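Single-letter residue listing:
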Amino acid sequence: MEWLYSLFCEHSALQAVVVISLISALGLGLGKIRIFGISLGVTFVFFIGIMAGHLGLSVDTQMLNYAESFGLVMFVYALGLQVGPGFFSSFRSGGVRLVELALGVVFLGTLMTVIFHLTTGVSMPDMVGLLCGATTNTPALGAAQQAMKQFGLPVSGPALSCAVAYPLGVVGVILAIAFVRKIFVRPSDLPNPDKEHKNQAYIVSFQITNPAIYGRSIRDVAHLTTHKFVISRLWRDGKVSIPTSEMTLRKGDKLLVITTSEKDVSALTVIFGEHEEKDWNTDSIDWNAIDSQLISQRIVVTRPEINGKKLSSLRLRNHYGINISRVYRSGVQLLATPDLTLQMGDRLTVVGEAAAIQNVSKILGNAVKSLNEPNLISVFVGIILGLAVGAVPFSIPGISVPVRLGLAGGPIIVGILIGTFGPRLHMITYTTRSANLMLRALGISMYLACLGLDAGAHFFETVVRPEGLLWILLGFSITFVPVVIMALWALKINKLDFGSVSGMLCGSMANPMALDYANDTIEGDNPSVSYATVYPVCMFLRVIIAQVILMFFL
């Protein structure tokens, strides 16, 4: 039985892999159990890790640090890569408001930390550790420990108080989100997965009755308004055609128009004349049955040469007589404007004759199987760049210790940037949704297993002390109260959907485990997009706050 003992107890690379895998497997299995309708999911891995550490199970320190760091980096980079394509557009359409709300969570938690220090007698280093644990922000803890080293103080206090507050910091956000949803959220507050898509590509039909545009080309008419639109089909004298920008409009022409939002319909009605009331945005429409001359087909961009090129540069309409009306990317439906930059994996809705569409398929690729091959080069290059950015020290006036974005901040920022701008630099950043989810799940499982294993050795003996119980109460208050207050503010005052609110709360608390819970219980990508919108700002701010508080109170 010596081989079995060495497999689980003797420190080695093999033993580390076995222990971390065992903790992850047990945690993921037990995390599927629902209690009062709530399952902790991947978060349960953390608690299994604590229990394993308490029972004396351990791995080599260097192996533990490596697995924990690599898991965290893999998770945050894959998250940034996923939300990158929609990050900046979401920021323009409401991201500033999300950041403002997230900063409210940060401010309330910091204020409570100072108040608890002044009223309970808990030392400020321990309170900073509680703040870091309550907000599950290990980079802030690292910054606080570095600041204390500058003052010549021991760093064990903040680390232990952080470990005590961390479990309820993880669960507290989940409980707060579940509490708000149960008590205050109405069905109308939940995000509609199709709402975002329809807001970026809305289909409507018009009949030309405005004499001001009779005889004018489509190009000239497009210059009359700032609203972007694409004319997919034109019916004239009982015949349907794919209109070019040079085609002149006549009285009685019927147009099928794709625009960016339903809000544009009234402005376009003024230009074209008569708006037909038929709803073209239902899934039940058979586009190939609309007319016998043209068909509609989705073609997938799989040729690397097309990646990063603008749609207008391909000149597909002029060469093949087809029209591209919509582009599906990362679950979002976009309007096919001439300046749209194509990416690998984009799904284009093409309208035209069958022979022309077949030729366009050859140009774009349409080899779906090739997308299943992972492009790991961009993943590893992105991780290297992310770690480099995270290691850059930022000097802030009044703070002696340089501030760094760390393992979490650098990779997620680089992931967002590569996901957004990589195709413009002809970098193939496409990964299937299942591959991205696999990277994220594997990374967060490794991270939580190692974190729990490290904290479990002295966790229970600290908790049973009188100060340990006080720490738990204070840490949970710092977690739960700001989240609930700002959730209600966002829902009732700002009228945001619950998916965006949940992601904002998870990002402001630097809590990827709570984000995983939100993604499991709320449809659509709103939580992930909101999380990535506020996370870099809040994480960076908390790193600074941990050092500033110590500087003022030590």
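Every residue gets a number counted from 1 within its own chain, in the order that chain's sequence is written. Owing to the predicted nature of the model, reporting of local features is limited to residues with pLDDT of at least 70; listing and counting of side-chain atom pairs is limited to 80 or more, with chain, interface and lining totals taken over all residues. Computation of side-chain values: all heavy atoms of the structure, hydrogens and water removed.

S.K.: Break down the overall build of the protein chain for me, citing the residues and quoting the values.
M.R.: To qualify as a helix, a DSSP run of H or I must reach at least 4 residues; to qualify as a strand, a run of E must reach at least 2; elements of each kind are numbered from the N terminus. Along its length, the protein chain carries 21 helices and nine strands. Buried means the residue's accessible area, taken with a 1.4 Å probe over protein chains only, is under 20% of the maximum for its type, while exposed means over 50%, and partly exposed covers the values in between. Here the protein chain, with 554 residues, has 51% of them falling under the buried criterion. Note on definitions: a residue-residue contact is assigned when non-hydrogen atoms from the two residues lie within 4.5 Å. Sequence separation of at least 24 residues holds for 80% of the intrachain contacts in the protein chain that already meet a minimum separation of 6. Accessible surface for the protein chain amounts to roughly 24900 Å². Of this, 62% is attributable to carbon and sulfur atoms. Accessible surface area values rest on a Shrake-Rupley calculation with a 1.4 Å probe, where residue burial reflects the displayed protein chains alone.

S.K.: Residues and numbers for empty space enclosed by the protein, please.
M.R.: In this analysis, the protein atoms alone were mapped onto a 1 Å grid. Cavities are point sets where a 1.4 Å probe fits without being able to get out; pockets are open sets with protein on both sides within 12 Å along at least five of seven lines; lining residues have an atom within 4 Å of a point. Grid points are joined across faces, edges and corners, and a volume is the space filled by probe spheres set on the points. All told, the structure shown has two cavities of 30 Å³ or more when counted by the stated rule. Computed from the structure, the second largest cavity encloses a volume of approximately 40 Å³. Surrounding the second largest cavity, T110, L131, C132, T135, A140, R542, I545 and A546 form its lining. Counting only elements with at least two residues in the lining of the second largest cavity, the list comes to α5 (124–134) and α21 (526–553).

S.K.: Please provide a residue-by-residue account of the sheet that holds strand β4 (residues 254–259), values included.
M.R.: Strand order in the open sheet made by the five strands is β3-β2-β4-β1-β5, with antiparallel pairing throughout. Pairing within the sheet leaves two strands with one partner each, and these edge strands are β3 (239–241) and β5 (273–276). Within this sheet the neighbouring strands show an average axis-to-axis angle of 30°, counted without direction. Where strand β1 (residues 202–208) meets β5, four bridges bridge the pair, whose relative direction is antiparallel. Note on β5: the bridge partner recorded for S205 is E276. Pairing between two strands is assigned when DSSP locates at least 2 bridges connecting them. Working convention: axes come from line fits to C-alpha atoms, limited for helices to the stretch in contact. Angles between N-to-C directions cover 0 to 180 degrees.

S.K.: Which residues make up the side chain of S161, and what values go with them?
M.R.: Following the sequence through the fold, S161 ends up in helix α7 (residues 156–184). Whenever a nitrogen or oxygen atom comes within 3.5 Å of another N or O atom, the pair is scored as a polar contact, on the condition that within protein one atom can donate a hydrogen and the other can accept it, and that pairs from neighbouring residues in sequence are kept only if both atoms are in side chains. At a separation of 3.0 Å, a polar atom in the side chain of S161 contacts the main-chain carbonyl oxygen of D126.

S.K.: How would you explain the pairing of strand β7 (residues 323–329) if you had to name every residue and give the values?
M.R.: The element β7 is extensively covered by neighbouring structure, given that six of its seven residues are classed as buried. Of the strand pairs in this sheet, β7 and strand β9 (residues 347–352) are connected by five bridges, and their pairing is antiparallel. From the neighbouring strand, I324 faces β9, where its bridge partner is V350.

S.K.: Explain the environment of T136 to me, using residue names and the numbers behind them.
M.R.: Counting through the fold element by element, T136 comes out in the loop between α5 and α6 (138–150). The spatial distance from the C-alpha of T136 to the C-alpha of G169 is 6.0 Å, given a sequence separation of 33 residues. Excluding residues within four positions of it along the chain, T136 makes contact with Y166, G169, V170, M509, A510, N511 and M513. There is a polar contact of 2.9 Å between the side chain of T136 and the backbone oxygen of M509.

S.K.: Give me the lowdown on the packing of α5 against helix α18 (residues 466–493), citing residues and values where you can.
M.R.: Direction vectors running N to C along α5 and α18 enclose 50°, while the axes themselves pass 9 Å from each other. The pairing of α5 with α18 is recorded here as oblique in orientation. The two elements α5 and α18 meet at a crossing, and its hand is right-handed. From α5, D126, M127, L130, L131 and A134 reach across to α18, where they touch W471, L474, G475, I478 and T479. Taken together, the residues that form the contact of α5 with α18 break down as seven nonpolar, two polar and one charged. Angles below 35 degrees are treated as roughly parallel, those above 145 as roughly antiparallel, those between 65 and 115 as roughly perpendicular, and all remaining angles as oblique. Left-handed describes a crossing whose near helix is turned anticlockwise from the far helix through less than a right angle; right-handed describes the clockwise counterpart. Gly falls in the polar group here, along with every residue not listed as nonpolar (Ala, Val, Leu, Ile, Met, Phe, Trp, Tyr, Cys, Pro) or charged (Asp, Glu, Lys, Arg).

S.K.: Give a detailed account of helix α10 (residues 265–272), specifying residues and quantitative values.
M.R.: For α10, the complete set of buried residues consists of V265, L268, I271 and F272. Buried residues along α10 cover an arc of 120° about the axis, so they all sit on one side. Residues of α10 that are exposed and point more than 90 degrees away from the buried face comprise S266 and V270. Elements that come into contact with the buried residues of α10 comprise β1, α9 (218–222), β2 (229–236), β4 and β5. Just downstream of α10, G273 is the residue with a positive phi angle, here 125°. The arc in question is formed by the directions pointing from the helix axis toward the C-beta atoms.

S.K.: Explain helix α19 (residues 498–508) to me, and be specific about the residues and the numbers.
M.R.: Taking burial as the measure, the 11 residues of α19 include 11 buried ones, the bulk of the element. Sitting at the amino-terminal end of α19 is D497, which places a side-chain oxygen 3.0 Å from the backbone nitrogen of G499. A510 occupies a position one or two residues after α19 and carries a positive phi of about 50°.

S.K.: Can you break down the confidence of the model for the protein chain residue by residue, with the values?
M.R.: The predictor's confidence in any single residue is recorded as pLDDT, a number from 0 to 100. In the predicted model, the protein chain carries a mean pLDDT of 79, and the fraction of residues at 70 or more is 83%. Within the protein chain, the lowest mean pLDDT, 43, falls on helix α8 (residues 195–200), and the highest, 91, falls on α18. Considering only residues more than four positions removed or in separate chains, one finds that residues 193–199, a stretch of pLDDT under 50, has 12 contacts.

S.K.: Just give me the short version of the pattern of salt bridges, but keep the residues and values in it.
M.R.: What counts as a salt bridge is simple: a side-chain nitrogen of Lys or Arg found within 4 Å of a carboxyl oxygen of Asp or Glu. Counted according to the given criterion, the structure contains three salt bridges. Across the pair R219 and E246 runs a salt bridge, and its minimum N-O distance is 2.6 Å. Taken together, the positions of R219 in helix α9 and E246 in the loop between β3 and β4 put the pair 27 residues apart, joining distant regions of the chain. Residue R219 is classed as partly exposed on the basis of its relative accessible area of 40%. Between D253 and R236 there is a salt bridge, and its shortest N-O distance comes to 2.6 Å. Of this pair, D253 sits in the loop between β3 and β4 while R236 is found in strand β2, placing the two residues 17 residues apart along the sequence. R236 matches D253 in its accessibility class, with the two residues each being buried.

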